[in-house]
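Analysis of the macromolecular model
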Amino acid sequence: MIDGVQTLQNNLSDDTTLNPGKNGTNINNVLKECRSSDKPEDIIALLNNDPETITLLLQSCDSTPGVFQTLYPILFSLIQQNSEESLRVVCQFTPSLIWQFLSLAGSDECQQSEGILLHLANVLGDKSNDFSFRLPSIHMISVYHNPARMSYSGGLTEASLSKGFNTEPVYTEEGEGGERAQYSSITASNRLEILSLLLEKYNYHIGNMVPASLERFCWLSTWVTGSGMPASMVPPTDSKAWALSSTRFTLNKDLMTALAAGLQFCLYNGHHATAQHSLDTLTRRAQYEVCPE
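Since this is a predicted model, take the numbers as computed values, not measurements.

Observations regarding the overall build of the protein
For the protein, the count of helices and strands is 13 helices and 2 strands. Among the 293 residues that make up the protein, the fraction classed as buried is 44%. Considering only intrachain contacts with a sequence separation of at least 6, the fraction spanning at least 24 residues in the protein is 71%. For the protein, the exposed area adds up to about 15,500 Å²; of that, 51% sits on carbon and sulfur atoms.

Set out below in structure tokens:
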């Protein structure tokens, strides 16, 4: 297996620089710092502890394709680490990677982004899909009731509430089909499954995503659900967002659910206007597709 860090250092030769201008000098400094790191752990620490660097990289990826070309080897190396910290860093770039893959279909750059997305999906597929949950219970406080304030004659006492809480069963749901099969390429038959898996992982880490990544998640949702649709069905887009494509993308329940879940978080965490626009577009697309879910 080729060492991703060594590949990155080979790609980051002394003449790998961006044109001076907006963010140019700062990005060059970040890339040189990555080049000087001998271990993936150093780069993970650098990116996890410096949200401004992540933001700068995301902004530069939109305007300068060469930045993504340089980042591909390091993203591959971080996925190989297969730790929560390294995958969290890669997730910051997931919306932009998906957008690049779908918008540049057939190009060499599309093949590179496909390789990163495939590697990430295969790593995530190896992880356990089991999760635990509690069924709703009268013993547990909820948005609908407070057991301690029940005023009927048979009201629950603090002791009975405590006993009910301590004895309440916890259920475990196993992932369907156990381990997922390893993907060798993104095809028409598995594309929606792979994208849904990637966005579900993004939503798992969404609380750690920088604002620039959340903004691009909203842009991705609008771009995927609004592209190829009649103009009357798509609300006016933000001038900063990715321009819609003339190609309509096939969607399914799982992918739209993952988009809606992420947008719901963005709606109440600093991106109300952008997320609301994306939710409106998603809702209209779901109505157009006659998807009751």
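After that view, the rundown keeps rolling.
Section: the packing of helix α11 (residues 211-226) against helix α12 (residues 253-267)
Viewed as axis vectors pointing N to C, α11 and α12 meet at an angle of 140°, and their least axial separation amounts to 10 Å. It follows from the interaxial angle that α11 and α12 lie oblique. Crossing hand, α11 versus α12: left-handed. Facing Leu214, Phe217, Cys218, Ser221 and Thr225 of α11, the residues of α12 in contact are Ala258, Leu259, Gly262, Leu263, Phe265 and Cys266. Within the contact of α11 with α12, the residues separate by chemical class into 8 nonpolar, 3 polar and no charged.

Regarding the nonpolar core
In terms of nonpolar packing, the biggest core is built from 69 residues, with Leu71, Leu75, Phe93, Leu97, Leu102, Leu198 and Leu199 touching the most fellow members. For Leu102, the residues in contact, after removing those within four places along its chain, are Arg191, Leu195, Trp223, Val224 and Phe249.

Describing the environment of Asp50
Structurally, the position occupied by Asp50 is in the loop between α3 (40-48) and α4 (51-63). Here the alpha-carbon distance between Asp50 and Val210, two residues 160 residues apart in the chain, equals 9.9 Å.

Cut-offs applied
- Residues numbered from 1 in each chain as written.
- Predicted model: local features only at pLDDT ≥ 70, side-chain atom pairs only at ≥ 80, totals over all residues.
- Heavy atoms only, no water.
- Helix = DSSP H or I, 4+ residues; strand = E, 2+ residues; numbered from the N terminus.
- Buried < 20%, exposed > 50% of the residue type's maximum accessible area, 1.4 Å probe, protein only.
- Contact = heavy atoms within 4.5 Å.
- Areas by Shrake-Rupley, 256 points an atom, 1.4 Å probe, with all protein chains shown as cover.
- Axes fitted to C-alpha atoms, helices over the stretch in contact; angles between N-to-C directions.
- Parallel < 35°, antiparallel > 145°, perpendicular 65-115°, else oblique.
- Left-handed = near helix turned anticlockwise from the far one by under 90°.
- Nonpolar A, V, L, I, M, F, W, Y, C, P; charged D, E, K, R; others polar.
- Core = buried A, V, L, I, M, F, W, Y, C linked by side-chain atoms within 4.5 Å.

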